[in-house]
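Understanding the architecture of this molecule
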Amino acid sequence: MSKPLSDHDRRKQISVRGLAGIENVSDLKQNFNRHLHFTLVKDRNVATKRDYYFALANTVRDHLIGRWIRTQQYYYEKDPKRVYYISLEFYMGRTLQNTMVNLGLENACDEAMYQLGLEMEELEDMEEDAGLGNGGLGRLAACFLDSMASLGLAAYGYGIRYEFGIFNQKIVNGWQVEEADDWLRYGNPWEKARPEYMRPVHFYGRTEHHPDGVKWVDTQFFEGKELRLKQEYFVVSATLQDIIRRFKVSKFGSREIARTDFSKLPDKVAIQLNDTHPAMAIPELMRVLVDEEKLNWETAWDICVRTCAYTNHTVLPEALERWPVELFAHLLPRHLEIVYEINRRHLERVAAKYPGDVDRLRRMSLIEEGGQKRINMAHLCIVGSHAVNGVAQIHSDILKATVYDFYEMEPHKFQNKTNGITPRRWLVMCNPGLAEVIAERIGEDFIRDLDQLRNLIKFVNDEAFIRDIAKVKQENKMKFAVHLEEHYKVKINPNSMFDVQVKRIHEYKRQLLNCLHIITYYNRIKKDPNKQWTPRTIMIGGKAAPGYHTAKMIIRLITAIGEVVNNDPVVGDRLKVIFLENYRVTLAEKGIPAADLSEQISTAGTEASGTGNMKFMLNGALTIGTMDGANVEMAEEAGEENLFIFGMRVDDVEALDKRGYHAEEYYNRLPELKQAIDQIAGGFFSPKQPDLFKEIVNMLMHHDRFKVFADYEDYIKCQEKVNALYKNPKEWTKKVIYNIAGCGKFSSDRTIAQYAREIWGVEPTLEKIPAPDDKH
Ligand code: IMP
């Protein structure tokens, strides 16, 4: 096997990441030294790797400043409709390398660092992840920022700069342990605080009704326990104040007119709510328009609905936000009144349309009665928005069925916007070798127009292309194997199939189904050790919510299985099980390009879209998956025969629900399943604590909402097909090519262009903003 290229050599070969910038090298070196001296106040006698990282980050940042100011000025001149994406999460990861790639500066910076005797990758590794999110929803918001900028939209992301990101996960004796993520400890070169724009956000207090309107008085700041609700209102209140400030000074606001003409707001402002977390934007906008700007209710409501749009991310009942009325009454008394008034008028409309249908009124109310009264935030968002979208076709269809009363009453509101990922970060940046092999065949335009990947179909039988694709994968695997050895002290066989499931740990994502396959494969190898088994390295990674006991037990089970399997001399390096500690954006960027097989095995109907599935597909992994979320559309785009699809469809799950799911039927009928469950239950994987996993077994046998056993048999058969194909590398790689060629749809550029045209009423443009004068 050939030695992997050093990163410096690799970058030298790569044109897609900016060979054009080489002439900047001496400028970059000069600016780097200037920042080291004047910004960091260090010389090379005392500078640490982190100082060099900060000097480089500041040097690169300088290249953004002129463009940023010119862009903002341009927006003020042209006054286009502004798009505001409000999200409680922006899971950005690192910024340095991404910025260099997007500015076409990477090769020049690499050369500059090389000439200074520094290793750029080492400096990049000093950057903390901005982990201001949990998983897909937050990362989607980050991909959308990249695409909104790339499509030239006057768009803004509004969120919270949390002082601590998602916890760092340590695995101690097989268990997840959470550590605080003090990501700002050394400062953050990618932000600019604007304390001069600080605005007050009010909490608590009471309302006073006067003849000239309602006042919210006696408010206090940040006490008590309702932190999450406070965060949600905090981001919404601050954002709306900024939106309205900007609207007022824009041409369409009141700069020339005495009084702001708010009837123009929906023409100049689009607000997108990333899930219900910022739902308070609706009553808050009403409060501002009615209480502060003195508009009448009907006018204000029309403006509010035409301005706001809502994206739904899940239909799992436990994930839907329902805030107790009592908490609201205390923290946001005026907003509660407004929500009641929205509800009163909404139910009046329902009653007028469906006279006498009392049960429908109950189902459609924003206020859930019975026990503790709660506000159903999804209902609030649907009523207060002009567009409601799901995030993959199957999910949008399920959403319509789930809130059927709302769909029936206002079908025009309901849309689909299949999620996407940014090809800049998730291909060009994280997998330059693959980007280069593609660019050699079809040019570089696919980076801005991912549909062009279709042009790869004509190379599907091209021996040289097949070889190149396979070679890049092998290099990525070697590199990841080295990384795992350095960071986790595990040795893996780079010739084994890298079988990867990385995502939050959750019952519905069914890491347990993966575990059952591992155990089954292990038992088969043990039973017939001389057979030619396809070697696999199975990697599972992801964080469990700190309070989610079952998810933590699932992690413990994975590590326990690993302890037995990895130390069994009969198995050798034909099967290894690795728990990837502290899975996060940066680890995804390293691991996904190295994967052969992507596990997307949720119970049909539970994963709204998935976006990890798309990252693997774009990086040349084959998918084993259920017909769930965006997997369905991936199969459409690449050809179902080029994915490993198994298991129940949504209809089958519903039919099984009607019949009744009885886990013990599968347990009694399938001997290998029985053996695996008996091993888990009997302490085979936890000899010192034989009943460690009895809760998990009990759940699987008696109250498994996600029906793991019902898909077991088909999953195992499908994994056999995976093994068979892996033995034929050429046929495997052909399928990989069909998958890459089918990825065009999954660019977040396509997603954002659809939001722009179909929800926000703005036209994406690739018009270039006039070049900045970099000197000031
Ligand atoms: P904001 O959009 O009001 O937050 O302002 C952001 C940036 O836009 C400012 O820092 C300025 O660079 C630019 N800007 C603000 N007001 C104007 C204006 O009236 N004309 C041109 N540019 C402006």
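About the thresholds
- Residues numbered from 1 in each chain as written.
- Predicted model: local features only at pLDDT ≥ 70, side-chain atom pairs only at ≥ 80, totals over all residues.
- Heavy atoms only, no water.
- 1 Å grid on protein atoms, 1.4 Å probe; cavity = no way out; pocket = protein on both sides within 12 Å on 5 of 7 lines; lining within 4 Å.
- Points joined across faces, edges and corners; volume = space filled by probe spheres on them.
- Nonpolar A, V, L, I, M, F, W, Y, C, P; charged D, E, K, R; others polar.
- Helix = DSSP H or I, 4+ residues; strand = E, 2+ residues; numbered from the N terminus.
- Buried < 20%, exposed > 50% of the residue type's maximum accessible area, 1.4 Å probe, protein only.
- Polar contact = N/O pair within 3.5 Å; in protein donor to acceptor, adjacent residues only side chain to side chain.
- Contact = heavy atoms within 4.5 Å.
- Expected span 1.5 Å × (residues − 1).
- Core = buried A, V, L, I, M, F, W, Y, C linked by side-chain atoms within 4.5 Å.
- Pairing = 2+ DSSP bridges.
- Axes fitted to C-alpha atoms, helices over the stretch in contact; angles between N-to-C directions.
- Salt bridge = Lys/Arg side-chain N within 4 Å of Asp/Glu carboxyl O.

**Let's talk about empty space enclosed by the protein**
- The full count for this structure, using the stated rule, is 5 cavities of 30 Å³ or more.
- Roughly 70 Å³ of internal volume is contained in the largest cavity.
- If you trace the largest cavity, you find 13 residues lining it, with Lys503, Gln600, Ile601, Ser602 and Glu607 closest to the centre.
- Class assignment for the residues of the lining of the largest cavity results in 1 nonpolar, 8 polar and 4 charged.

**Section: the side chain of Asp129**
- Topologically, Asp129 is positioned in the loop between α6 (120-124) and β3 (130-132).
- Taking the relative accessible area as the measure of exposure, Asp129 reaches 11% and is therefore buried.
- In this structure the side chain of Asp129 is engaged in a polar contact, spanning 2.3 Å, whose partner is the side chain of Thr586.
- The residues contacting Asp129, other than those within four sequence positions of it, are Gly93, Arg94, Trp183, Arg584, Val585 and Thr586.

**Quick word on helix α31 (residues 729-741)**
- With 13 residues, α31 extends 18 Å between its outermost C-alpha atoms, agreeing within 8% with the 18 Å of an ideal straight helix rising 1.5 Å per residue.
- All of the buried residues in α31 are Trp732, Thr733, Lys734, Lys735, Val736, Ile737, Asn739, Ile740 and Ala741.

**Describing the nonpolar core**
- The biggest cluster of nonpolar side chains holds 136 residues, and the ones touching the most others in it are Phe446, Leu453, Ile677 and Phe709.
- Not counting residues up to four positions away in its chain, the partners in contact with Phe709 are Leu516, Tyr661, Ala663, Tyr666, Tyr667, Leu673, Ile677, Leu700, Met701 and Asp704.
- Membership of the second largest hydrophobic core comes to 78 residues, among which are Leu265, Ala281, Leu289 and Ala378.

**Focus on the sheet that holds strand β13 (residues 374-376)**
- Taking strand neighbours across the sheet as the criterion, the 3 strands line up as β11-β13-β12 in an open arrangement whose pairing is antiparallel. Strands at the two margins of the open sheet, each flanked by one partner only, are β11 (322-324) and β12 (367-368).
- Pairing geometry for β12 and β13, over 2 bridges, is antiparallel. When the sheet's bridge partners are listed, Glu368 is paired in β13 with Arg374.
- Of the strands in this sheet, β11 and β13 are in contact with helix α15 (residues 377-384), which crosses β13 at around 45°.

**A word on the pairing of strand β1 (residues 82-86)**
- Among the 5 residues of β1, 5 are classified as buried, and the element is accordingly described as predominantly covered.
- Side chains of β1 alternate between two faces, with Arg82, Tyr84 and Ile86 and Val83 and Tyr85 buried alike.
- Inspection of the sheet shows β1 paired to strand β4 (residues 155-158) by 4 bridges, in the parallel sense. When the bridges of β4 are listed, Tyr85 appears paired with Gly157.

**What to know about the sheet that holds β4**
- Strand order in this open sheet of 6 strands is β4-β1-β9-β10-β14-β15, and the pairing throughout is parallel. Only two strands of the sheet have a single partner each, and these edge strands are β4 and β15 (414-416). Direction aside, the axes of adjacent strands within the sheet are offset by 25° on average.
- Its contacts with the sheet place helix α7 (residues 136-150) against β1, β4 and β9 (269-274), and it is angled at close to 160° to β1.
- On the sheet, α15 packs against β9, β10 (308-311), β14 (387-390) and β15 and is oriented at approximately 140° with respect to β10.

**Structural notes on the pattern of salt bridges**
- Following the criterion strictly, the structure yields 64 salt bridges and no others.
- Across the pair Arg425 and Glu589 runs a salt bridge, and its minimum N-O distance is 2.7 Å. Here Arg425, found in helix α18 (residues 423-429), pairs with Glu589, found in helix α23 (residues 585-591); they are 164 residues apart in sequence, far enough to count as distant.
- Between Arg649 and Glu640 there is a salt bridge whose closest N-O contact spans 3.5 Å.
- Judged by its relative accessible area of 38%, Glu640 falls in the partly exposed class.
- Within this structure, Asp357, Asp359, Arg360, Arg362, Arg363, Asp405 and Glu408 form a network of salt bridges that share partners.

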